[in-house]
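Below, each chain spelled out in residue letters.
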Amino acid sequence: MCSPTAGRIKGDIMINPASRLGIWLHWLFEASLILKGLFAAAESLGGLGLLLTPNAAIITFVSWLTRHDLTQEPTADMALWVQHLTEIFPLQVQHFYAFYLLAHGAVKFTMVIMLARRILWAYPGAMVLLMGFVIYQVTEFITHGSYTFLALSFFDLVMIVLVYREWNVLKMLIRQAH
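Residues numbered from 1 in each chain as written. Predicted model: local features only at pLDDT ≥ 70, side-chain atom pairs only at ≥ 80, totals over all residues. Heavy atoms only, no water.

A. Representation of the overall build of the protein. Regarding its fold elements, the protein presents 6 helices and 2 strands. Put simply, the protein runs from its N terminus to its C terminus through helices and strands in the order β-β-α-α-α-α-α-α. Expressed as a percentage of its 178 residues, the buried residues of the protein come to 32%. Restricting to contacts in the protein with at least 6 residues of sequence separation, those with at least 24 account for 69%. (Helix = DSSP H or I, 4+ residues; strand = E, 2+ residues; numbered from the N terminus. Buried < 20%, exposed > 50% of the residue type's maximum accessible area, 1.4 Å probe, protein only. Contact = heavy atoms within 4.5 Å.)

Here it is as structure tokens:
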């Protein structure tokens, strides 16, 4: 490990992994990796499910799911909205979402594995990848007003800061070992 007087990087960000803040930030990084990995696996499984499930089965399932709500309250907004979505859910759209979720999940899962294994070149690659996600998500927020994309962007920006810090700590530890 390094001494309590380990150096600083640009902008006064402490990289001392032995400090209380350093330990907490490392724990936060590890927890973020676990969350990213779980979300990536869920995305991939969702994409695989969309790819393997016939379009008619999805529409039938959604109809069955919303039928009870609509018989109780024919103007139930959520049920009507979900049924409307299935009406505009052709096979091409289903396949687009299936491949998108599979690819997006696989890329993020690969990134998580490489960061967990501390592969040095994966850190700047992950920051670029996450920044690409942020740009896309902010564009979607501006275009469609989805606060979900805004929340995902915030999480990804925090992750970029944590990846940057971990990368600098790892580089410092490698230098000290030599």
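B. Here's a closer look at helix H5 (residues 122–144). With 23 residues, H5 extends 32 Å from end C-alpha to end C-alpha; this agrees with the ideal 33 Å at 1.5 Å per step. Inspection of H5 places Ala122, Tyr123, Ala126, Met127, Leu130, Phe133, Val134, Gln137 and Glu140 among the buried residues, and these make up the whole buried set. On its buried side, H5 packs onto helix H1 (20–52), helix H4 (91–116) and helix H6 (147–177). Positive backbone phi, at 70 degrees, marks Gly145, one or two positions downstream of H5. (Expected span 1.5 Å × (residues − 1).)

C. Geometry of the nonpolar core. The biggest cluster of nonpolar side chains holds 19 residues, and the ones touching the most others in it are Phe29, Leu115, Tyr123, Leu130 and Val163. Per-element tally for this core: the top contributor is H5, with 7 residues. (Core = buried A, V, L, I, M, F, W, Y, C linked by side-chain atoms within 4.5 Å.)

D. Just unusual backbone geometry, in detail. Unlike most non-glycine residues, Arg118 shows phi in positive territory, near 60 degrees. Position of Arg118 relative to the elements: it lies in the loop between H4 and H5. Overall, Arg118 belongs to the partly exposed group, its relative accessible area being 41%.

E. Inspection of the packing of H4 against H5 at higher detail. Taken N-terminus to C-terminus, the directions of H4 and H5 make an angle of 145 degrees; their axes are 9 Å apart at the nearest point. Viewed along their axes, H4 and H5 form a crossing whose handedness is left-handed. In this structure, H4 contributes Tyr100, His104, Val107, Lys108, Met111, Met114 and Leu115 to the contact, and H5 contributes Ala122, Tyr123, Ala126, Leu129, Leu130, Phe133 and Tyr136. Across the contact of H4 with H5, the residue classes break down as 12 nonpolar, 1 polar and 1 charged. (Axes fitted to C-alpha atoms, helices over the stretch in contact; angles between N-to-C directions. Left-handed = near helix turned anticlockwise from the far one by under 90°. Nonpolar A, V, L, I, M, F, W, Y, C, P; charged D, E, K, R; others polar.)

F. How the structure looks around the packing of aromatic side chains. Counted under the stated rule, the structure contains 5 aromatic pairs. Plain terms: the ring middles of Tyr136 and Phe149 are 6.1 Å apart, the flat faces sit at 90 degrees to each other, and that makes the pair edge-to-face. Note that Tyr136 is positioned in helix H5 and Phe149 in helix H6, a separation of 13 residues in sequence. Phe149 sits in the partly exposed class, given a relative accessible area of 24%. A centroid spacing of 6.4 Å and a plane angle of 65 degrees characterise the contact between Tyr164 and Trp167, whose relative ring orientation is edge-to-face. A residue pair is termed a helical-turn pair when its members lie 3 or 4 positions apart in one helix, as Tyr164 and Trp167 do in helix H6 at 3 residues. (Phe/Tyr/Trp six-rings, centres within 6.5 Å; stacked < 30°, edge-to-face > 60°.)

G. How the structure looks around the packing of H5 against H6. At a minimum axis separation of 9 Å, H5 and H6 run at an interaxial angle of 165 degrees. Between H5 and H6, the angle falls in the class roughly antiparallel. Crossing hand, H5 versus H6: left-handed. By residue class, the composition of the contact of H5 with H6 is 22 nonpolar, 2 polar and 3 charged. (Parallel < 35°, antiparallel > 145°, perpendicular 65-115°, else oblique.)

H. Quick peek at the environment of Val62. With respect to the element layout, Val62 can be found in helix H2 (residues 55–72). For Val62, a relative accessible area of 15% puts it in the buried group. As for Val62 and Gln83, which are separated by 21 residues in sequence, their C-alpha atoms are 6.8 Å apart.

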